[in-house]
Amino acid sequence: MVSPFCWGCLTRLRPTPRTILPSPNTVSRGPTFHTSAVLQAQARPASGRGGGAVARFRQPSNASMRKKKKPVEKARPPPVGERKAIRKRIVLSNPNALEVEGLQELSEETMVDSRLRGTALALPVPMLDQLRAVQAFKPKQGWSIFRRPSTVLRRETLEMGRLFDSISGDGEGKGAVVKKIIDGPRKSGKSVLLLQAMAMAFMKKWVVFTIPEAQELVSATSSYAPLSEEKPHLYVQNEATAALLSRTATANKVVLSELRVSLDHPTLSAVKPGMTLEDLAKLGVQDPASAWAVFNALWTELTATAAAPGLESHFTPRPPILVTVDGLGHWMTESKYRDAQFNLIHSHDLVFVWHFLSLLKPGKSSPTLPNGGALLYATSTTMNPPYVYSFDVALKRVAALTAGVKSSSPSFPQAEAYSKTDPRVFAALTSPKSEHAQEGMLQHQVLGGVTHEEARGFMEYFARSGLLQETISDEWVSEKWTLAGGGVIGELERIGRRLRVAA
């Protein structure tokens, strides 16, 4: 239907004034009783493309006055592994230090000479590569402040040297097995004593197995897997085992290259009779999946006393074995690994860890080390030492047995009532007397401070190296010995450093 109004009529209508229909922007947003002239106020120009920018407080209006922020150049992060390499870097020589005249070297003769007690002996240069291979040096031991890496011949070092000499000799102590847990306060020289033991073992042509950091085996930093379907509660660490085989093959190359396979190993098809034990160890390094089986084969070969039938021509007498572990306390609690149910795995369920802990117990049919040797396990007293109450009580029990206290005595250490203890720790460190005369009981050795004579020789070595410009007298040595907590050798080293020179 057509509208009665035409377009011309609509255009002749009277327009409505703008004041009657105010714009939405001028409508009052406040309450109705407000008396301000809101409609008369000018609207603030909107920010945007058309309305312009809103002036801010204390902001320069001129674009040339505004300061432009310079782009921050972010440094490129270091490559993977570089920080760890710098943190664990070992520097064994300082060309700025003076060369000590008349410095003797550690040898088979000097390590048992009581006249050299308190004297610093230099480590032989050809042996440094072997000690590096087994990671005997620690980054914070102060090797970088001297011209040559040297060590002090203290009373415990002389006792260990005579012990190694008797095991390798033809006397009464030939083929003996020594088991010790080395304990003591922080910076008392436990790791250095293990280093001295390694150096003596290399000089005696022993085979050396080392665990430089026991914490790395339980901190969930390496791969792990169940040992087998028959034993799913036990776990194997192939990468850590391959690293151990690599250290052993590199450091003991001279000894292992002269020994040959003389037993049958049906589970390892790559092992052939007559091949050297060095090549046997390298099989586990090349194929980490078979590292644990290769390690068991290598350990069986080194602890053998006779060859298998038909392989007598490949057999030669095996040398003694030295096993060192630094940081034993980390193995006495639950590890950081988890099982399929996400429960924490006990450290003793790791076959790598349990193999070395089982060596502390006496052997059944034969000694733990039939060809002789030593087991030296040191506790950890670093900045974050693990405190395990069961391990503390177990160490006190070992110390009491070493002192001759019987387990049935009322003075034998016992756990406190209602205390939470771990029976597996007690079982691991309970080592009764062996039926074999060659195998000794587990001993507890507390490493304390050095004597005044040993402290004087240590300070004189600092003065001869140019690091200490003091007159070494008995009064001065007594003062520093007291300040060092009764001769703690790590504190004496701190006192002896007059300056630090980065190599």
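Everything numeric here is computed off the predicted structure, so don't read it as measured data. (Residues numbered from 1 in each chain as written. Predicted model: local features only at pLDDT ≥ 70, side-chain atom pairs only at ≥ 80, totals over all residues. Heavy atoms only, no water.)

Student: I'd like a rundown of helix α15 (residues 489–496), residues and numbers included.
Tutor: Side chains three or four residues apart in an α-helix point the same way, a direct result of the helix having 3.6 residues per turn. Turning to α15, its buried residues number three or more, namely Ile489, Gly490, Leu492, Glu493 and Gly496. Buried residues of α15, viewed axially, fall in a sector of 160 degrees; they line one side. Where the residues of α15 are buried, they touch α13 (452–464) and α14 (474–483). (Buried < 20%, exposed > 50% of the residue type's maximum accessible area, 1.4 Å probe, protein only. Helix = DSSP H or I, 4+ residues; strand = E, 2+ residues; numbered from the N terminus. Arc of directions from axis to C-beta. Contact = heavy atoms within 4.5 Å.)

Student: Outline the packing of helix α9 (residues 291–302) against helix α10 (residues 351–358), listing residues and values.
Tutor: Their axes nearest at 12 Å, the elements α9 and α10 cross at an angle of 15 degrees. By the angle between their axes, α9 is roughly parallel relative to α10. In this structure, α9 crosses over α10, and the sense of that crossing is right-handed. Residue-level contacts link Trp292, Phe295 and Trp299 of α9 to Val351, Phe352, His355 and Phe356 of α10. Residue composition of the contact of α9 with α10, grouped by class: six nonpolar, one polar and no charged. (Axes fitted to C-alpha atoms, helices over the stretch in contact; angles between N-to-C directions. Parallel < 35°, antiparallel > 145°, perpendicular 65-115°, else oblique. Left-handed = near helix turned anticlockwise from the far one by under 90°. Nonpolar A, V, L, I, M, F, W, Y, C, P; charged D, E, K, R; others polar.)

Student: Lay out the sheet that holds strand β10 (residues 373–378) with the relevant residues and their values.
Tutor: Taken in spatial order, the five strands make up an open sheet running β4-β7-β10-β3-β11, and their pairing is parallel. The two strands at the open ends of the sheet, each matched to only one other strand, are β4 (207–211) and β11 (439–446). Sheet twist, expressed as the mean angle between neighbouring strand axes with direction ignored, is 10 degrees. Alignment of β4 against strand β7 (residues 321–326), held across five bridges, turns out to be parallel. Looking across to β7, one finds that Phe209 is bridged to Val323. Its contacts with the sheet put helix α5 (residues 190–203) on β3 (177–183), β4, β7 and β10, and the angle it makes with β7 is roughly 160 degrees. Each of β4 and β7 touches α9; the most contacted strand, β4, lies at about 140 degrees to it. (Pairing = 2+ DSSP bridges.)

Student: Give a detailed account of the side chain of Lys204, specifying residues and quantitative values.
Tutor: Looking at where Lys204 falls in the secondary structure, it is placed in the loop between α5 and β4. For Lys204, a relative accessible area of 14% gives the class buried. With residues near it in sequence (within four places) discarded, Lys204 still touches Glu108, Met111, Phe164, Asp165 and Ser168.

Student: Provide a residue-level description of the nonpolar core, including the pertinent values.
Tutor: Membership of the largest hydrophobic core comes to 63 residues, with the highest contact counts inside it found for Phe209, Leu302, Val323, Trp331, Phe356 and Tyr377. Take this core: its biggest share by element is eight residues, from α9. Ignoring anything within four residues of it in the chain, the contact list for Leu302 reads Val207, Phe209, Leu256, Leu259, Leu277, Arg318, Ile321 and Asn371. Counting 41 residues, the second largest nonpolar core, distinct from the first, contains Val134, Met160, Met198 and Ala201. (Core = buried A, V, L, I, M, F, W, Y, C linked by side-chain atoms within 4.5 Å.)

Student: Give a description of the environment of Arg397 that names residues and reports values.
Tutor: With respect to the helices and strands, Arg397 occurs in helix α11 (residues 389–402). Arg397 has contacts with Phe412, Pro413, Gln414, Ala415 and Phe426, leaving out every residue within four places of it along the chain.

Student: Pulling in residues and values, what's your account of the confidence of the model for the protein?
Tutor: For the protein, the mean per-residue pLDDT works out to 86, and 85% of the residues sit at or above 70. In the model, residues 499–503 has pLDDT below 50 throughout and makes six contacts with residues more than four positions away in sequence or in other chains. (pLDDT = per-residue confidence, 0-100.)

Student: Residue-level account of unusual backbone geometry, with values.
Tutor: The backbone of Lys187 sits at a positive phi, close to 65 degrees, despite the residue not being glycine. Locating Lys187 in the fold gives a position in the loop between β3 and α5.

Student: I'd like a description of the packing of helix α6 (residues 238–251) against α9, backed by residues and values.
Tutor: Look at α6 against α9: their axes get within 8 Å of each other, and the N-to-C directions meet at 40 degrees. By the angle between their axes, α6 is oblique relative to α9. Crossing of α6 over α9 shows left-handed handedness. Counting all contacts with α6, which are made through Asn238, Thr241, Ala242, Leu244 and Leu245, the residues of α9 involved are Ala291, Trp292, Val294, Phe295 and Leu298. Residue composition of the contact of α6 with α9, by class: eight nonpolar, two polar and no charged.

Student: So what's going on with the packing of aromatic side chains? Residues and values would help.
Tutor: With the rule as written, the count across this model stands at 13 aromatic pairs. Measuring from centroid to centroid gives 6.2 Å for Phe209 and Phe295, while their planes differ by 85 degrees, and the two rings are edge-to-face. Of this pair, Phe209 sits in strand β4 while Phe295 sits in helix α9, and the two are 86 residues apart along the sequence. Taken as a pair, Phe209 and Phe295 share a single burial class, namely buried. Residues Phe295 and Trp299 carry aromatic rings whose centres are separated by 6.2 Å and whose planes lie at 35 degrees to one another, so their mutual orientation is tilted. (Phe/Tyr/Trp six-rings, centres within 6.5 Å; stacked < 30°, edge-to-face > 60°.)

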